[in-house]
Amino acid sequence: MELLVTLSFTFPLLGTLVLVLSGGHLGPRVGTVVGVASVGLAALATAWAIAIYGDGAVRFTLWTWIEAGAFKPTIGLAVDGLALVMMAVITGVGFFIHLFAAWYMAGEAGITRFYAWMNLFVFSMLILVLGDNLLLLFLGWEGVGLCSYLLIGYYYQDSANGRAAFKAFVVTRIGDVFLALGLFLIFRDLGTLDIQQVMVRASEVWKPGDPTASLVALLVLGGALGKSAQVPLHTWLPDAMAGPTPVSALIHAATMVTAGVYLIARLNGLFLLAPDVLWLVGVIGAVSLLLAAFAALAQTDIKRVLAYSTMSQIGYMFLALGVGAFDAAIFHLVTHAFFKALLFLSAGAVITSCHHEQDMARLGGLRKRLPVAYAGFLVGGSALVALPLVTAGFYSKDEILWQELAAGQPGFLIAGLLGAFLTCIYTVRLILGTFHGDCGSDNARNAEPGRNLWTHHLPLGVLAVLSTFVGAFLYPHLESLFPAAPGASAKTGHTLIQVLAIGTVIAGLALAGWLFLARAGWLRQQVSQGPGAMLWTLWHRAWGFDALYDRLLVRPWQFIVRMLRHDLVNLTVNLLALLARLLNAGLVRAQTGRTRSYATVMILGATVILLALAMSPGGVS
């Protein structure tokens, strides 16, 4: 067991080292094989570890990392049901995304660099979920942030992509600072960063509602908001679509953005000691899922629609966490990884086949030209809207909605149902706008479908199967790992919730079909003038958060920097630099390269020194 778990993250690390140390001399074909095979071997090791896993947690230490007094964090791993589920998502879904990237990235420059960072991301994510202490978890946490920056800015020749990568790096770093402060407080009060001991000592040192426990939970929540792109640290996620589409599928749909959900679930005992903060988690989830769902209604870029959809679905996970339904949150995390990876890869197939066109207004009419991508959108979209009984999304979302009712949180339940209704509308709009109607450009008319069985059809096919009820039935429920959610033992109202959820989906699909098929002209007229145009602009700009932050934070900071550029300290430093440059300029002019000039200067210098000594009171000794 220990060997298999170690191999699961060693293979991606070796892949990164081979690709980086090759200096780009392996060639695109060999680089692709190394990148894909390393994650494939990690997936096999994970599958084998799951097959032989028994019960309880398996813990083992590879070596002592730091030893400074009582501070002795180790490179230690802890494997339990939650860790194995996360490993399966990271390596399993990650492998099919890597495999699809072999088709998507064919012919791109820098393919070795691409797979090096993708492998490093998988390694970092595995360290994050396997670490038995919070410092090792934080190492993986920062590693995935670094890889996200590198991969979002993969097409660095375009300055807009560099800005998007920088924005993601800065915004997520804000959350990371909060998380680091939380770890400092945990070590100060509990004397350890070992996750298992933290959970035990927290309940001994802090009572429910203790101000310190609430502060620590609030700081940890700040870290989770940054990585999981929840309000108010969500603005980086749509811009992160600047990276290659396989990057969007792996990092910004299936794994990294769910790291915050994993963190809260892993530290569930800490959050249960801070019920007000736990309730705040649910409030943030409700706000995020609704704001993102409305924003998705007004996006024209197919990847940005999926980005806001991701933010909205993570909001559902935060809803579940907010009522202590940790297993339901992880359940939706897994099913979301399946269908959202499928949707992103299908979007990638559309983009590449249409010569890198991703504006819905310039697509359309692709249903027959790209049948495999169309099927991927249909299956993935059905799971996204939680089509009853046949999709994985239905079972996980139904579990969340029922837990909201069981916990006595009708506000959260209403937010979840409204979010499901809006999801139906923007998903139908996305599919109809991309695949139905007339082609909007020559790029769509000249679409070239992917035909490779292994690198195009296979990943989409496997993810499509996992997005159906098959994926829901494969999930091993983890109720035994988490404290029971309030009201979880009662089944009262579960059937009512299912009826409400099914009715909401049917109503949403019916309204979407009526709006976008029967009333398309009227709808275009409504959003082009008056209040409809104002709402469209507001939602298209995602409620203006970027503009708000620009005015409240970015511009004042730039003004302060411009003012401080001419402060006294800065001027003093600049004068010293100016003096050094003037002396350098004088000395450079003395370097003529002529021997006679050098000899003359030496004689004059020696003469001056002798005269100075002779004129001194002691004379020349």
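Refer to the structure printed above.
Residues numbered from 1 in each chain as written. Predicted model: local features only at pLDDT ≥ 70, side-chain atom pairs only at ≥ 80, totals over all residues. Heavy atoms only, no water.

**A word on the overall build of the protein**
Right, on to step 1. The helix and strand tally for the protein stands at 27 helices and two strands.
Right, on to step 2. For the protein, the spread of C-alpha atoms along the three principal axes comes to 110 × 65 × 50 Å.
Right, on to step 3. Here the protein, with 621 residues, has 52% of them falling under the buried criterion.
Right, on to step 4. In the protein, the proportion of contacts linking residues at least 24 apart, taken out of those at least 6 apart, comes to 81%.
Right, on to step 5. Surface exposure of the protein reaches about 27000 Å², of which carbon and sulfur atoms provide 68%.
Right, on to step 6. Charge-centre separation for the protein: the mean point of 35 positive side chains lies 13 Å from the mean point of 29 negative side chains. (Helix = DSSP H or I, 4+ residues; strand = E, 2+ residues; numbered from the N terminus. Buried < 20%, exposed > 50% of the residue type's maximum accessible area, 1.4 Å probe, protein only. Contact = heavy atoms within 4.5 Å. Areas by Shrake-Rupley, 256 points an atom, 1.4 Å probe, with all protein chains shown as cover. Lys, Arg positive; Asp, Glu negative; His and termini not counted. Charge placed at Lys NZ, Arg CZ, Asp CG, Glu CD.)

**Examining the state of the cysteines**
Right, on to step 1. According to the stated counting rule, one finds zero disulfides in the structure shown.
Right, on to step 2. Looking at the unpaired cysteine 354, the closest cysteine sulfur is the one in cysteine 439, lying at 8.0 Å.
Right, on to step 3. Exposure remark for cysteine 354: the relative accessible area of 0% places this residue in the buried category. (Disulfide = S-S within 2.5 Å.)

**Some words on the pattern of salt bridges**
Right, on to step 1. For the coordinates displayed, the defined rule picks out 14 salt bridges.
Right, on to step 2. Arginine 173 is the salt-bridge partner of glutamate 142, the closest N and O atoms lying 3.4 Å from each other. One end of the pair, glutamate 142, is in helix 5 (residues 134-152); the other, arginine 173, is in helix 6 (residues 159-190), and 31 residues separate them in sequence.
Right, on to step 3. Relative accessible area serves as the criterion here: at 25%, glutamate 142 is assigned to the partly exposed category. (Salt bridge = Lys/Arg side-chain N within 4 Å of Asp/Glu carboxyl O.)

**A few points about the nonpolar core**
Right, on to step 1. By size, the foremost hydrophobic cluster in this structure holds 196 residues, and its most contacted members are Phe114, Phe271, Ile330 and Val350.
Right, on to step 2. Not counting residues up to four positions away in its chain, the partners in contact with valine 350 are Ile302, Glu357, Leu363, Leu366, Leu370, Ala373, Phe377, Thr434 and Phe435. (Core = buried A, V, L, I, M, F, W, Y, C linked by side-chain atoms within 4.5 Å.)

**Comments concerning helix 17 (residues 392-406)**
Right, on to step 1. If you check helix 17, its first and last C-alpha atoms are 22 Å apart, about what 15 residues at 1.5 Å a residue would give, namely 21 Å.
Right, on to step 2. Within helix 17, twelve of the 15 residues are buried, which leaves the element mostly enclosed by the surrounding structure.
Right, on to step 3. For helix 17, the set of buried residues is Ala392, Gly393, Phe394, Ser396, Lys397, Asp398, Glu399, Ile400, Leu401, Trp402, Gln403 and Glu404. (Expected span 1.5 Å × (residues − 1).)

**A closer look at the packing of aromatic side chains**
Right, on to step 1. All chains considered together, the criterion is met by 20 aromatic pairs.
Right, on to step 2. An angle of 15° between the planes, with centres 4.7 Å apart, marks the rings of phenylalanine 331 and tyrosine 475 as stacked. Separated by 144 residues along the polypeptide, phenylalanine 331 in helix 15 (residues 326-353) and tyrosine 475 in the loop between helix 21 (469-474) and helix 22 (494-518) bring together distant segments of the chain.
Right, on to step 3. Its relative accessible area of 5% is what places tyrosine 475 among the buried residues. (Phe/Tyr/Trp six-rings, centres within 6.5 Å; stacked < 30°, edge-to-face > 60°.)

**What about the side chain of threonine 46?**
Right, on to step 1. Its place among the elements puts threonine 46 in helix 2 (residues 28-52).
Right, on to step 2. Within the local environment of threonine 46, its side chain forms a polar contact with the backbone oxygen of alanine 42, the two atoms lying 2.9 Å apart.
Right, on to step 3. Contacts of threonine 46, omitting those with residues within four sequence positions, involve Ser8, Met87, Ala88 and Thr91. (Polar contact = N/O pair within 3.5 Å; in protein donor to acceptor, adjacent residues only side chain to side chain.)

**Structural notes on the packing of helix 15 against helix 16 (residues 371-384)**
Right, on to step 1. For the pair helix 15 and helix 16, the least separation of the axes is 8 Å and the interaxial angle reads 150°. Classified by the angle their axes make, helix 15 and helix 16 are roughly antiparallel. Here the hand of the crossing between helix 15 and helix 16 comes out left-handed. Judged by residue contacts, Phe339, Lys340, Leu342, Leu343, Ser346, Ala347, Ala349 and Val350 of helix 15 engage Ala373, Gly376, Phe377, Val379, Gly380, Gly381, Ala383 and Leu384 from helix 16.
Right, on to step 2. Tallied by class, the residues present in the contact of helix 15 with helix 16 amount to eleven nonpolar, four polar and one charged. (Axes fitted to C-alpha atoms, helices over the stretch in contact; angles between N-to-C directions. Parallel < 35°, antiparallel > 145°, perpendicular 65-115°, else oblique. Left-handed = near helix turned anticlockwise from the far one by under 90°. Nonpolar A, V, L, I, M, F, W, Y, C, P; charged D, E, K, R; others polar.)

**What to know about the packing of helix 8 (residues 211-228) against helix 13 (residues 275-297)**
Right, on to step 1. Direction vectors running N to C along helix 8 and helix 13 enclose 25°, while the axes themselves pass 10 Å from each other. With respect to each other, helix 8 and helix 13 are oriented roughly parallel. In terms of crossing hand, the pair formed by helix 8 and helix 13 is right-handed. On helix 13, the residues touching Ser214, Ala217, Leu218, Leu221 and Leu225 of helix 8 are Val277, Leu280, Val281 and Ile284.
Right, on to step 2. When its residues are assigned to classes, the contact of helix 8 with helix 13 shows eight nonpolar, one polar and no charged.

Worth remembering: the numbers are spatial, not functional.
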